[in-house]
Amino acid sequence: MALIVQKYGGTSVGSVERIQHVADRVSQSRRQGHDVVVVVSAMSGETDRLLGLARGIRSDADGRELDVLLSTGEQVTIALLSMALESKGCPARSYTGAQVHIRTDSAHNKARIQEIDGARVRRDLADGKVVVVAGFQGVDESGNITTLGRGGSDTTAVALAAALKADECQIFTDVDGVYTTDPRVVPQARRLERITFEEMLEMASLGSKVLQIRAVEFAGKYNVPLRVLSSFQEGGDGTLITFEEGSMEQALISGIAFNQNEAQLTVTGVPDQPGVAYRILGAVAQANIEVDMIVQNVGADGTTDFTFTVHRNDFDKAMGIVSARAEELGAREVSGDPKIVKISIVGVGMRSHAGIASKMFEALAAEGINIRMISTSEIKISVVVDEKYLELGVRALHDAFELERAPAA
Ligand code: ADP
Ligand code: ASP
Ligand code: MG
């Protein structure tokens, strides 16, 4: 008998039939004697639909009102799932984030969970009920509804698991685990039995949306056993996110992530003086635009070039700011390209092996793929390439590092 937090994503609760199916899975866990807390997302497509409605009224809707709107998606699914559980003879109770005191800061649309009062949940569990909690939402100190950013239900589940000291947090989704790369792009991708928190965190921050970044951060920090499983297939072990141990698969590379949401900006012929990087990038940061990769060339004939990437949604705004600054600084030209992607290879095995980068560049070169930018850290190497090379690039790397084959134990 254990306390388990199970999270079901949008596709898994995408229709009444699927909600019935989730209710079957949850009642089965109950019958095995476990205490179960369920976190659900909105039905698939619902959060986008609500965002579309808001955009039909104004493009820059107020964050607070947007959160009031977006949180309704999850309120629908908690009620339907509780009804489905009750109709199967499994006592259940649904709660919004505010009702179980998921206290967050006041950063609307990207709030962070600060505190959860699990008393109410524990009471219901002790009464033999399944507790169904709305994912993705919380409430700030003043009682305003907040949301946790896209994919935030994962974080609700992990945070509840930490607060309740659950034995495991199970993320049920439409794939049966974490793969070497998105199986929709590379059908040969292989399910990983285990992946370290560190690698999972890199994969999530570099674009693999199978788990929200904050959920992984939270689970690592509070030592929550975290597993990704399929809500459709039964019986699999999924993928366990763990701390690094000697007995783990010793792959050089564990996975490949990609991000299709970035855009590139380049300023050429900038007078090469102290402070120019600050003048250009500082202005971008002041406008609350996050800069990802940055490259500055070695200056020649007294000028230098800067290239950097931002989120595609910020591209036009960033171009405006940088063009204005470039003119003030007397730079030669500003150019931009929103049609780029970032592809990254991730693995703790990189720490102890040389030559990974050259193997990566060789594989891309063999396909005639031009690399525009490179950035590295201890356990990842990222490259920016033209958007049209995304699938070819990811497949070439998956082949080159033989990721379809399980490494020898
Ligand atoms: P949910 O609605 O259940 O939260 P998401 O769509 O957020 O599901 O996440 C699951 C999706 O993540 C999969 O359908 C898959 O396409 C994508 N994905 C991206 N990278 C990976 C990966 N490395 N392993 C598994 N799935 C991945
Ligand atoms: N419904 C929210 C979204 O679509 C949260 C989630 O599904 O995790 O992003
Ligand atoms: Mg998700």
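The residue numbering used here restarts from 1 in each chain and proceeds along that chain's sequence as written. Lettering of chains starts at A and numbering of ligands starts at 1, both following the order in which they are written. Whole-chain, interface and lining totals are the exception, using all residues; otherwise, since this is a predicted model, local features are given only for residues with pLDDT of at least 70 and side-chain atom pairs are given and counted only at 80 or more. Values shown for side chains rest on all heavy atoms present in the structure; no hydrogens or waters enter the calculation.

A. Geometry of the pairing of strand S13 (residues 255-259). A simple rule labels every residue: compare its accessible area, found with a 1.4 Å probe on the protein chains alone, to the largest value its type can have, and call it buried under 20%, exposed over 50%, or partly exposed in between. The secondary structure listing takes helices from DSSP runs of H or I that are at least 4 residues long and strands from runs of E that are at least 2 residues long, numbered from the N terminus. With five of five residues buried, S13 lies mostly within the body of the structure. Side chains of S13 alternate between two faces, with Gly-255, Ala-257 and Asn-259 and Ile-256 and Phe-258 buried alike. Two strands make a pair as long as DSSP finds a minimum of two bridges between them. The pairing of S13 with strand S18 (residues 340-346) spans five bridges and is classified as antiparallel. Bridge pairing in S18 places Ala-257 opposite Ser-344.

B. Representation of the packing of aromatic side chains within the structure. Aromatic contacts are taken between Phe, Tyr and Trp rings whose centres are within 6.5 Å, Trp giving its six-membered ring; a plane angle under 30 degrees counts as stacked, one over 60 as edge-to-face, and the others as tilted. Summed over the entire model, instances satisfying the criterion amount to three aromatic pairs. Arranged with centres 4.7 Å apart and planes meeting at 5°, the rings of Tyr-8 and Phe-172 form a pair that is stacked. Of the two residues, Tyr-8 sits in strand S1 (residues 3-8) while Phe-172 sits in strand S9 (residues 168-173), which places them 164 residues apart along the sequence. Comparing Tyr-8 with Phe-172, the two get one shared label, buried.

C. Just helix H1 (residues 16-31), in detail. Take the number of residues in a helix, subtract one, and multiply by 1.5 Å to get its expected span. Between its terminal C-alpha atoms H1 stretches 22 Å, which fits the 22 Å expected from 16 residues at 1.5 Å a residue. What H1 keeps buried is the set Ile-19, Val-22, Ala-23, Arg-25, Val-26, Ser-27 and Ser-29. Residues are treated as being in contact if the distance between any of their heavy atoms lies within 4.5 Å. Residues of H1 that are buried sit in contact with S1, strand S2 (35-40), helix H4 (72-87), strand S6 (130-134), S9 and strand S11 (226-230).

D. Representation of the site of ligand 2. Think of it this way: one heavy atom of a residue within 4 Å of a molecule or strand is enough to make that residue near it. Near ligand 2, the surroundings consist of Ser-41, Thr-47, Glu-74, Phe-136, Arg-150, Gly-151, Gly-152 and Ser-153. The definition of a polar contact used here is a pair of N or O atoms within 3.5 Å, where within protein one atom must be able to donate a hydrogen and the other to accept one, and adjacent residues in sequence count solely through side-chain atom pairs. In this structure, an oxygen atom belonging to ligand 2 sits 2.7 Å away from a side-chain N or O atom of Arg-150. Between ligand 2 and Gly-152 there is a distance of 3.4 Å, counted from an oxygen atom to a backbone nitrogen or oxygen. The protein chains shown are the only cover counted for residues, whose accessible areas, like all others here, come from Shrake-Rupley with a 1.4 Å probe. Protein burial of ligand 2: of its 260 Å² of free accessible surface, 87% is covered by the chains. Partitioned by chemical class, the residues of the shell around ligand 2 number one nonpolar, five polar and two charged. All amino acids are sorted into three groups, where Ala, Val, Leu, Ile, Met, Phe, Trp, Tyr, Cys and Pro are nonpolar, Asp, Glu, Lys and Arg are charged, and the leftover types, Gly among them, are polar.

E. Spotlight on the site of ligand 1. Near ligand 1 there are 17 residues, and of these Thr-173, Asp-174, Tyr-179, Asp-182 and Arg-184 occur at the shortest range. With respect to ligand 1, the side chain of Thr-173 contributes an N or O atom lying 2.7 Å from an oxygen atom. In this structure, Arg-184 approaches ligand 1 through a side-chain N or O atom, which is 2.5 Å from an oxygen atom. Across the complex, the protein chains shield 90% of the 580 Å² of accessible surface that ligand 1 would expose by itself. By residue class, the composition of the shell around ligand 1 is six nonpolar, six polar and five charged.

F. Spatial organisation of the packing of H1 against H4. Axis angles are defined between N-to-C directions and span 0 to 180 degrees, where every axis is a line fitted to C-alpha atoms and, for a helix, only to the segment in contact. Look at H1 against H4: their axes get within 9 Å of each other, and the N-to-C directions meet at 60°. Accordingly, the angle class assigned to the pair H1 and H4 is oblique. Crossing of H1 against H4: the hand is right-handed. Facing Ile-19, Gln-20, Val-22, Ala-23, Val-26 and Ser-27 of H1, the residues of H4 in contact are Leu-80, Leu-81, Ala-84 and Leu-85. Here is the rule for angles: anything less than 35 degrees is roughly parallel, anything more than 145 is roughly antiparallel, 65 through 115 is roughly perpendicular, and the remaining ranges are oblique. Crossings are classed by handedness, with left-handed meaning an anticlockwise turn of the near helix from the far one by less than a right angle and right-handed meaning a clockwise turn.

G. Spotlight on the UniProt feature "binding site: ATP" (unreviewed entry) in the protein. UniProt positions are given in the numbering used here, feature names are shortened, and annotations may be inferred rather than shown by experiment. Mapped onto this numbering, the UniProt entry gives "binding site: ATP" (unreviewed entry) at Lys-7, Tyr-8, Gly-9, Gly-10, Thr-173, Asp-174, Tyr-179, Arg-184, Lys-209 and Val-210. Along the chain, Lys-7 falls in strand S1. Look at Lys-7 and you get buried, because its relative accessible area is 7%. Engagement of the side chain of Lys-7 in a polar contact is seen with the side chain of Asp-154, the distance being 2.7 Å. For Tyr-179, the position within the fold is in the loop between S9 and strand S10 (194-196). Those residues within four positions of Tyr-179 in sequence are excluded, and the remaining contacts are Ala-189, Arg-190, Arg-191, Leu-192 and Met-203.

H. Molecular detail of the environment of Gln-137. By secondary structure assignment, the location of Gln-137 is in strand S7 (residues 137-139). For Gln-137, a relative accessible area of 5% puts it in the buried group. Polar side-chain contacts of Gln-137 include one of 3.1 Å to the backbone oxygen of Ser-71. Within the structure, the side chain of Gln-137 is placed 3.1 Å from the backbone nitrogen of Gly-97, a separation counted as a polar contact.

I. A look at the sheet that holds strand S20 (residues 380-386). Spatial strand order, S13-S18-S20-S19: four strands in an open sheet with antiparallel pairing. Edge positions in the sheet fall to S13 and strand S19 (373-377), since each has one partner strand and no second. Along the sheet, successive strands turn relative to each other by an average axial angle of 20°, direction set aside. Pairing geometry for S18 and S20, over seven bridges, is antiparallel. Across the sheet, the residue bridging to Ile-345 is Ile-381, located in S20. Sitting on the sheet, helix H11 (residues 356-366) touches S18, S19 and S20, and the angle it makes with S20 is about 20°.

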